[in-house]
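Residue-level structure breakdown
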Amino acid sequence: MPAVRADQLEAVWRLARREFGDEFPNTTIWYGLTSGKWRAMVPGPGGWRMLESPEPDDLRMQIRGALGFWPVYGSQHRR
């Protein structure tokens, strides 16, 4: 396996910050250079859980599900 350079690590860190920002403050999120997948370590009542997905939006939905919350937006239907 080739060594990962510091500039590659910084680029991946910037990518994760740009994609997720501070959306999930207690969750560690990263992009795997060798796997090509997004990963997250999510805290939960039973301990930490690792999630992964090739797409950031899918990982975002998995994180929300694991954390047990879904934000309510104004565009949802009201009765």
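Before going into details, it helps to say that this report is about the structure given with it. Predicted model only: the values in this text are computed from it and were never measured. Numbers given for residues are sequential positions, taken from 1 along each chain in its written order. Local features in a predicted model are, by the rule used here, given only for residues with pLDDT of at least 70; side-chain atom pairs are given and counted only at 80 or more, and totals for whole chains, interfaces and linings are based on all residues. In computing side-chain properties, one takes all heavy atoms of the structure into account and sets aside hydrogens as well as water.

What about the layout of surface pockets?
We apply this condition: The way it works is a 1 Å grid over only the protein atoms, where trapped points that fit a 1.4 Å probe form a cavity and open points with protein on both sides within 12 Å along at least five of seven lines form a pocket, and then any residue with an atom within 4 Å of a point lines it. Grid points are joined across faces, edges and corners, and a volume is the space filled by probe spheres set on the points. Each helix corresponds to a stretch of at least 4 residues labelled H or I by DSSP, and each strand to a stretch of at least 2 residues labelled E; elements are numbered beginning at the N terminus. Note that Gly is not counted as nonpolar here; it falls among the polar residues with everything else outside the nonpolar set of Ala, Val, Leu, Ile, Met, Phe, Trp, Tyr, Cys and Pro and the charged set of Asp, Glu, Lys and Arg.
Of the volumes computed, that of the largest pocket is approximately 240 Å³. Ala16, Arg17, Gly21, Thr27 and Ile29 are the residues nearest the centre of the largest pocket, which is lined by 14 residues in total. At the level of elements, helix 1 (6-20) and strand 1 (28-31) are the ones that each hand at least two residues to the lining of the largest pocket. Broken down by element, the lining of the largest pocket gets its largest block of residues, 5 residues, from helix 1. Among the residues forming the lining of the largest pocket, the class breakdown is 9 nonpolar, 3 polar and 2 charged.

Details of helix 2 (residues 56-67)
Keep this limit in mind: The span expected for a helix works out to 1.5 Å for each residue beyond the first. Summary of the burial criterion: residues with accessible area below 20% of their type's maximum are buried, those above 50% are exposed, and those between are partly exposed, where the area comes from a 1.4 Å probe applied to protein chains only. Note that the arc is defined by the directions from the helix axis to the C-beta atoms. Contacts are assigned to residue pairs with any non-hydrogen atoms lying within 4.5 Å of each other.
Spanning 12 residues, helix 2 covers 16 Å between terminal C-alpha atoms, matching the ideal 16 Å at 1.5 Å per step. Those residues of helix 2 that fall on the buried side of the exposure criterion are Pro56, Leu59, Arg60, Ile63 and Arg64. Axial view of helix 2: buried residues confined to an arc of 140 degrees, hence all on one face. Buried residues belonging to helix 2 abut helix 1, strand 1, strand 2 (38-42) and strand 3 (49-53). Just downstream of helix 2 lies glycine 68, where phi reads positive at about 75 degrees.

Points about the pairing of strand 2
Our working definition: Between any two strands, at least two bridges found by DSSP are needed for them to pair.
Counting buried residues in strand 2 gives 4 out of 5 residues, a clear majority hidden from the surface. Remark: 6 residues form the turn of the hairpin made by strand 1 and strand 2, two consecutive strands paired antiparallel; glycine 36 in that turn has positive phi of roughly 70 degrees. Pairing of strand 2 with strand 3, which is carried by 5 bridges, proceeds in the antiparallel orientation. When the sheet's bridge partners are listed, methionine 41 is paired in strand 3 with methionine 50. If you look at the hairpin formed by strand 2 and strand 3, you'll find 6 residues sitting between the two strands, and glycine 47 has a positive phi there, around 120 degrees.

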